[in-house]
Amino acid sequence: MITQDLFQEPEVFITVCSVAGVAKFGKSIKNLDRRLTLNWNNFEDQQPGDVVALFDCDPEDKDRRCNNASIIELARETVDVECSRGYQRTSVRLERKDLSTKGETSLGWWIAYLRRSQTSSSWLVLKSNVLRIRPHWMRELRNVIGDIPLTSLMIPGTHDAGAWMNYEPARCENIYVRYYICQEDSIYDQLVNGIRYLDVRVAHYPSTPEKFWVNHDKYRIRPLITLLEDVKRFVEETKEIIFLDFHGFPIGFTSRLIHDELFQFIWKEIGKHLVPKTVPASQLTPNMLWRTNKTIIITYAESSISSLNDYLWPYLVHAWGNKRKISDLEKYLGDILANFKQTSYFWSTMAEITPKPIDYVSKPRYGLRGFAEHVNIPLTYWFQRKNWYSNVMIVATDFYLGNNLIEMAVEVNRHKKLV
C-alpha cells in the first residue's frame, strides 16, 4: 500500500537510447548505439536560459572542479530547456565494461538541471542524478519490504530476456536479427542493472550438443545453460530475489519426458536456490526467502507439469495487449491497472510494442529497437500515475535501459507499507 503521490517533484534522469546504427567519419566507421539520453520532468517553474547538462563527474562535488571552473564549463553536452518536460539524445555512448556486484555503483555519468544565478554569473544545480547499477536494491530495502508479499511489490523485468545481443553491425543489420533481438545486455548485466524478472522461452533440440536453448519464438538464440549460469552467479553474489519465468516452449516439447529432462537440467545447475511451493504466492515475502537462502522463483507455463512439481510455481499471468500503436498500448495497460487489484498470484504487464508482419516489409530497418525507442520514455511517465505504480506487480520491457522503470520501482518499493 502507498498512501502518498510519488513522482510529483522535479526530476532528471539518464536513459540509454535503444536504436543503433553506424556512421562514417572520413575513413572510420563509428557505432551509434548506447547513446545517453537526458530526461527532465516536472519543472513547472522553467525559466528562459535553463539548461540540462551531461557530466562525467558529479556536478555537485565542488572538489572535482578543475581550477574553480564553472559548472557549465565541465558539461560534456548541454540542452536548452524550453518546456517543463523533455528529453534529448546526446552523442555520448555508454561504453561497455564488465559490471560487478561489488564496489562502485556509478556508471560515470551525471545529469543536472542548471539555472543561472540572479545575483552572480555562476550556475545553480536545481536537480541532479547519476546513472548507476543497482545490484543489491532489494536487500538494501530489506527493512521496508522484508515482510511485504512479493505480489505487492513493483518488480522491473525484461521481455524475452534471453534474446539479447551486443550491437555489432555485421550481425545486427539483418532484418531477422532486428526483429527477434529484444535486449542488448547479458543476463548477468541485466540483473546487475536492477532487473529482477526474466521472461524466458525454452526450446528443445535433441540433435544438437546442447539440447535446451533460449529462443525468441522459432529463432534459436543461445544455450539455456548460459542463462542459468548467469542467474546462479548473480544470486550467489547478492542473495537478491529473481523471478525466472519459463513463459513458453515453442519447439521440441513433444512429451512430458522432455519437461522432466528440462527440470533435471535446471535442478542440476540452480536447484539449491529454488523456492519451494510451501505457501501460497500471496503469502510469500522476501524475508521468508532470505531466511531459507533460496531466492529463485521459477514459474512454469505448462500447468500439467508445474502442478506435480514442488519447485515449479504455476503459470505466471501475462497482461499482454499485442498492441502496435502507443495509444492502444497505453489504453490497454491503463484499463488493466485501473481495474485489476489482486495479490493472490504472480502476474506481469508486458509493456512493449508488438510489431505486425507488415512492419517487416514497411519498416525493415526499424526493428524492435525502433519500437522500444518509440515507447520507452512514454511508458516511464505512464507508470508514474498512482493507480499504475500502486497496482502493478511485474513490468517487463524491451531494451530496458531506454526507460527509467528500475529507478522508479526502487522508489515505489521504498514507500510500500504493510497493510
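Residues numbered from 1 in each chain as written. Predicted model: local features only at pLDDT ≥ 70, side-chain atom pairs only at ≥ 80, totals over all residues. Heavy atoms only, no water.

**Focus on the overall build of the chain**
Scanning the chain from terminus to terminus reveals 15 helices and 18 strands. For 419 residues, the compact-globule formula gives about 22 Å, and the C-alpha radius of gyration of the chain, at 22 Å, lands near that figure. For the C-alpha atoms alone, the extent of the chain along its principal axes is close to 75 × 55 × 40 Å. In the chain, which comprises 419 residues, the share counted as buried stands at 56%. In the chain, the proportion of contacts linking residues at least 24 apart, taken out of those at least 6 apart, comes to 74%. Accessible area of the chain: about 18700 Å², with a carbon and sulfur share of 49%. (Helix = DSSP H or I, 4+ residues; strand = E, 2+ residues; numbered from the N terminus. Rg over C-alpha atoms; globule rule 2.2 N^0.38 Å. Buried < 20%, exposed > 50% of the residue type's maximum accessible area, 1.4 Å probe, protein only. Contact = heavy atoms within 4.5 Å. Areas by Shrake-Rupley, 256 points an atom, 1.4 Å probe, with all protein chains shown as cover.)

**Section: the layout of surface pockets**
Size it by volume and the largest pocket reaches roughly 580 Å³. Lining the largest pocket are 22 residues, and of these Tyr179, His216, Asp217, Thr354 and Tyr360 lie nearest its centre. Looking at the lining of the largest pocket residue by residue, the class counts come to 12 nonpolar, 5 polar and 5 charged. The volume enclosed by the second largest pocket comes to roughly 410 Å³. In this structure, the second largest pocket is lined by 20 residues; those nearest its centre are Phe7, Glu11, Lys127, Glu407 and Glu411. Elements with a contribution of two residues or more to the lining of the second largest pocket: β1 (11–16), β9 (123–132) and α15 (405–414). Sorting elements by how many residues they give to the lining of the second largest pocket places α15 first, with 5 residues. Looking at the lining of the second largest pocket residue by residue, the classes come out as 6 nonpolar, 6 polar and 8 charged. Each of domain 1 (11–132) and domain 2 (136–415) accounts for three or more of the residues forming the lining of the second largest pocket. (1 Å grid on protein atoms, 1.4 Å probe; cavity = no way out; pocket = protein on both sides within 12 Å on 5 of 7 lines; lining within 4 Å. Points joined across faces, edges and corners; volume = space filled by probe spheres on them. Nonpolar A, V, L, I, M, F, W, Y, C, P; charged D, E, K, R; others polar. Domains from an automatic or database assignment.)

**Thoughts on a nonpolar patch on the surface**
Taken together, Ile175, Tyr176, Tyr219, Ile358, Tyr360 and Val361 make up a surface patch of nonpolar side chains, about 610 Å² in accessible area. At the level of elements, α5 (175–178) and α12 (357–362) are the ones that each hand at least two residues to the nonpolar patch. Among the elements that make up the nonpolar patch, the one with the highest residue count is α12 (3 residues). With respect to the element layout, valine 361 can be found in helix α12. (Patch = residues over 30% accessible without salt bridge, like charges linked within 9 Å, V, L, I, M, F, W, Y side chains within 5 Å. Salt bridge = Lys/Arg side-chain N within 4 Å of Asp/Glu carboxyl O.)

**Section: the packing of aromatic side chains**
This model, assessed by the stated rule, comprises 18 aromatic pairs. When the ring of phenylalanine 212 is compared with that of phenylalanine 253, the centres are 6.1 Å apart and the planes differ by 35°; the resulting orientation is tilted. With a gap of 41 residues between them, phenylalanine 212 in strand β12 (residues 212–216) and phenylalanine 253 in the loop between β14 (242–248) and α8 (256–270) connect regions that are remote in the sequence. What makes phenylalanine 212 buried here is its relative accessible area of 3%. Among the residues examined, phenylalanine 253 registers a relative accessible area of 16% and is labelled buried. (Phe/Tyr/Trp six-rings, centres within 6.5 Å; stacked < 30°, edge-to-face > 60°.)

**Section: helix α13 (residues 367–382)**
A rise of 1.5 Å per residue sets the reference length of α13, with its 16 residues, at 22 Å; its end C-alpha atoms lie 23 Å apart and thus fit the reference within 8%. At asparagine 376, α13 is deflected by roughly 35°, the largest bend along its length, and proline proline 378 occurs up to four residues later in sequence. Burial runs high along α13: 13 of the 16 residues are buried. (Expected span 1.5 Å × (residues − 1). Bend = angle between axes of the 7 residues up to and from the residue.)

**Digging into the sheet that holds strand β6 (residues 77–80)**
Pairing is antiparallel in the open sheet, where 4 strands are placed in the order β6-β5-β8-β9. Each edge of the sheet is formed by a strand with only one pairing partner; in this case those strands are β6 and β9. Within this sheet the neighbouring strands show an average axis-to-axis angle of 20°, counted without direction. Examined bridge by bridge, strand β5 (residues 51–55) and strand β8 (residues 106–116) share 5 bridges and lie antiparallel to one another. Bridge pairing in β8 links leucine 54 to isoleucine 111. (Pairing = 2+ DSSP bridges. Axes fitted to C-alpha atoms, helices over the stretch in contact; angles between N-to-C directions.)

**Re empty space enclosed by the protein**
A complete count under the given rule lists 5 cavities of 30 Å³ or more for this structure. What the largest cavity holds in volume is close to 220 Å³. Around the largest cavity, the lining is made up of 17 residues, and of these Ile14, Leu131, Arg132, Asn404 and Glu407 lie nearest the centre. Those elements that place two or more of their residues in the lining of the largest cavity are β1, β9 and α15. No other element matches the 4 residues that β9 contributes to the lining of the largest cavity. Across the lining of the largest cavity, the residue classes tally to 9 nonpolar, 5 polar and 3 charged. Summarising the domain contributions, the lining of the largest cavity has at least three residues from each of domain 1 (11–132) and domain 2 (136–415).

**Description of the environment of threonine 15**
Mapped onto the secondary structure, threonine 15 falls in strand β1. Each C-alpha atom, one on threonine 15 and one on threonine 37, is 5.1 Å from the other, the two residues being 22 residues apart in sequence. Beyond its immediate stretch of four places on either side in the chain, threonine 15 contacts Arg35, Leu36, Thr37, Asn39, Ile377, Leu401, Gly402, Asn403 and Asn404. A polar contact of 3.0 Å, which involves the side chain of threonine 15, links it to the side chain of asparagine 39. (Polar contact = N/O pair within 3.5 Å; in protein donor to acceptor, adjacent residues only side chain to side chain.)

**Observations regarding the domain arrangement of the chain**
In terms of domains, the chain is made up of domain 1 (11–132) and domain 2 (136–415). The C-alpha-based centres of domain 1 and domain 2 are spaced at 30 Å. Every contact between the two is made by 26 residues of domain 1 and, on the other side, 30 residues of domain 2. Taken together, the two surfaces of domain 1 and domain 2 that pack against each other cover about 2300 Å², and 48% of this comes from carbon and sulfur. Area buried by domain 1 at its contact with domain 2 is led by Ser18, Leu99 and Thr101, which between them contribute 29% of it. The interface formed by domain 1 and domain 2 contains 5 salt bridges. (Buried area = accessible area lost by both parts, 1.4 Å probe.)

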